[in-house]
Amino acid sequence: MTAPAALEGGPAARTERAYPALDGLRALAATAVVLTHAAFATGDHTPDALGRVLARLDVGVPVFFVLAGFLLSRPFLRAGLRGEAAPRAVPYLWRRALRILPAYWITVVAALLLLPGNDDAGPATWARHLLLVQIYDGGGFAAGLTHTWSLCTEVAFYLLLPLAAAGLVRLGRRDPRRPWPVLAALAAVTAGGLAWLVHVWSGQRAFVPQDLWLPAFPGWFAGGIALAVLTLTDPDWRPVRLARELAASLGTCWAGAAVLFWIACTPVAGPLSLAAPSPGQAVVRSLLYGAVAVLLVAPLVLGGGGRVRVALSGRTARFLGEISYGLFLVHVVLLTGGYDLTGRPVFTGPLVLVAPATWLAGVAVAWLLYVLVERPLRRFRHAADGVVLPRWRAPRRRSGSDSSDATTTETAPTARP
């Protein structure tokens, strides 16, 4: 789950402010993840049409990965293609760590201390989860923290990004107006990820969840990076013109995403349960999910959207987008704790009650995390540069902007309602 970068300051925050509709999309993706987990808990991942749709709403995860690829890579690519100094890696990593780790650590501590399923959690379980390495061995996940695999994967991407971006910039310098080598490299990385999936799901699979490691998902991140490249490249370059013509119609893009999502709901994308897919099913699912995510994001960064884009940039949508990271973190803890408190067996219960209750409770707790933890910590976001803002120098974010970082702005395509 990509935590919004607005509180971080720096280049990523400026990029995010230039594309405000992405906050609303992030909120929708987080809600989809909450709904699919609630449906799993109530036993509604069934083989009928509704059950298949509910099971595949984990498509919100590739949306997060595409957003991460776009928002975090764009400042590096922008600087490189313009011949400017790239954002420094240490401040970038510090801001990312400050943004995601405190709220995550609070969630881990709450789950391990409060959920009965974690009563036997030992030091190894605590260390694995606090260090975000729980996907790299066969120790499994603590109760209420199964969804944190995606954060482990994203952290691996964060760490690799400065080096990967430097390589892409070097490829693009030969012809910044037409960076074919960059797009070719992203396609090659995507193919490598598909090959990894074939390797993982072929033959005897080890208990270590290698299908959750970063090599299984480079195509989703590459989709976001490709969108970043297209927003920075000569608008007269044919691939950019074609992409913008397609993205100019949000209805067309989102209708295409809906069709691909429906295909992903069929057995061609693998079983609905936790049973192992075939290598072919794993590849198809990865491609379909990645394409759905790119089609959802593209109109919002390449100029389409109209009234939908305006709605996704509205105050409520942006508020939900800002707290969406907290919602993602706590919703499974709340869902698991709710079943523990009521004594209801897992895989039972009415989805029409469980899903809204989980979402509303998650929004409330996420808002508290945002107000008490995430927002106050932003005064330390420039600590890697030797600057810590006094409390009175950290004004509240107003109208989707951050006044302490207003000296540099991005320009994004505008859309009229």
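What counts and how
- Each residue is numbered by its place in its chain's sequence as written, counting from 1.
- Confidence filtering applies because this is a predicted model: local features only for residues at pLDDT of at least 70, side-chain atom pairs given and counted only at 80 or more, and all residues used for totals across whole chains, interfaces and linings.
- As a rule here, side-chain values cover all heavy atoms of the structure and leave hydrogens and water aside.
- Every residue gets a pLDDT, meaning the predictor's confidence in that residue, from 0 to 100.
- Counting from the N terminus, the helices are the DSSP runs of H or I reaching at least four residues and the strands are the DSSP runs of E reaching at least two.
- Residue contacts follow a heavy-atom distance rule, with two residues in contact if any of their heavy atoms lie within 4.5 Å.
- To estimate how far a helix should extend, the number of its residues minus one is multiplied by 1.5 Å.
- Throughout, the bend at a residue refers to the angle made by two axes, fitted to the seven residues ending there and to the seven starting there.
- Each residue gets one of three labels from its accessible area relative to the maximum for its type: buried under 20%, exposed over 50%, partly exposed in between, using a 1.4 Å probe on protein chains only.
- Each nonpolar core is a collection of buried residues, namely Ala, Val, Leu, Ile, Met, Phe, Trp, Tyr and Cys, held together in the definition by side-chain atoms within 4.5 Å.
- Here the axes come from fitting lines to C-alpha atoms, over the contacting stretch only for helices, and the angles between their N-to-C directions go from 0 to 180 degrees.
- For any pair of crossing helices, the crossing counts as left-handed if the nearer helix is rotated counterclockwise from the farther one by less than a right angle, and right-handed if it is rotated clockwise.
- In this classification, the charged set is Asp, Glu, Lys and Arg, the nonpolar set is Ala, Val, Leu, Ile, Met, Phe, Trp, Tyr, Cys and Pro, and all remaining amino acids, among them Gly, are polar.
- Within this scheme a cavity is a closed region of a 1 Å grid, computed over the protein atoms alone, that accommodates a 1.4 Å probe without allowing it to escape, whereas a pocket is open but has protein on both sides within 12 Å along at least five of seven lines; lining residues each have an atom within 4 Å of a point.
- Grid points are joined across faces, edges and corners, and a volume is the space filled by probe spheres set on the points.

A word on the confidence of the model for the chain
Piece 1. For the chain, the mean per-residue pLDDT works out to 90, and 90% of the residues sit at or above 70.
Piece 2. Per-element mean pLDDT across the chain ranges from 78 in helix H1 (residues 10–18) up to 98 in helix H6 (residues 123–130).
Piece 3. This model gives residues 392–417 a pLDDT under 50, and the stretch forms 54 contacts once residues within four places in sequence are excluded.

Concerning helix H15 (residues 324–342)
Piece 1. End to end, H15 covers 26 Å across 19 residues, agreeing with the expected 27 Å (1.5 Å per residue, within 8%).
Piece 2. If you look at H15, its biggest bend is around 35°, right at Val330.
Piece 3. Positive phi shows up at Gly343, right after H15, with a value of about 75°.

So, unusual backbone geometry
Piece 1. Its identity is not glycine, yet Leu132 carries a phi of approximately 60°, on the positive side.
Piece 2. With respect to the helices and strands, Leu132 occurs in the loop between H6 and helix H7 (149–172).
Piece 3. On the basis of relative accessible area, Leu132 is assigned to the buried category, the value being 6%.
Piece 4. Despite not being glycine, Phe347 shows a phi value in the positive range, around 75°.
Piece 5. Mapped onto the elements of the fold, Phe347 is located in the loop between H15 and helix H16 (351–374).

With respect to the nonpolar core
The nonpolar side chains of a soluble globular protein tend to be buried with one another.
Piece 1. Core analysis: the biggest nonpolar cluster contains 119 residues, and Leu22 and Phe157 have the highest contact counts within it.
Piece 2. Dropping the residues within four chain positions of it, Leu22 is found in contact with Leu67, Phe70, Leu71, Val297, Leu300 and Val301.

Some remarks on the packing of helix H8 (residues 180–201) against helix H12 (residues 279–302)
Piece 1. Orientation of H8 relative to H12, taken along the N-to-C sense of each, is 150°, at an axis distance of 8 Å. For H8 against H12, the interelement crossing comes out right-handed. Of H12, the residues touching H8 (which contributes Leu194, Leu197, Val198 and Trp201) are Pro279, Ala282, Val283, Ser286 and Leu287.
Piece 2. Of the residues contributing to the contact of H8 with H12, the split by class is eight nonpolar, one polar and no charged.

Some remarks on empty space enclosed by the protein
Piece 1. According to the stated counting rule, one finds two cavities of 30 Å³ or more in the structure shown.
Piece 2. Taken as a whole, the largest cavity holds about 90 Å³ of empty space.
Piece 3. Along its surface, the largest cavity is lined by Leu7, Glu8, Arg95, Leu98, Arg99, Pro102, Ala103, Val373, Glu374, Leu377, Arg378 and Arg381.
Piece 4. Put simply, the parts of the chain that give the lining of the largest cavity at least two residues each are helix H5 (89–114) and H16.
Piece 5. If you tally residues by element for the lining of the largest cavity, the top one is H5, at five residues.
Piece 6. Its residues placed into classes, the lining of the largest cavity shows six nonpolar, no polar and six charged.

Concerning the environment of Ala97
Piece 1. Structurally, the position occupied by Ala97 is in helix H5.
Piece 2. Looking at Ala97, the relative accessible area reads 26%, which means it is partly exposed.
Piece 3. Along the primary structure Ala97 and Tyr158 are separated by 61 residues, whereas in three dimensions their C-alpha atoms are 9.5 Å apart.

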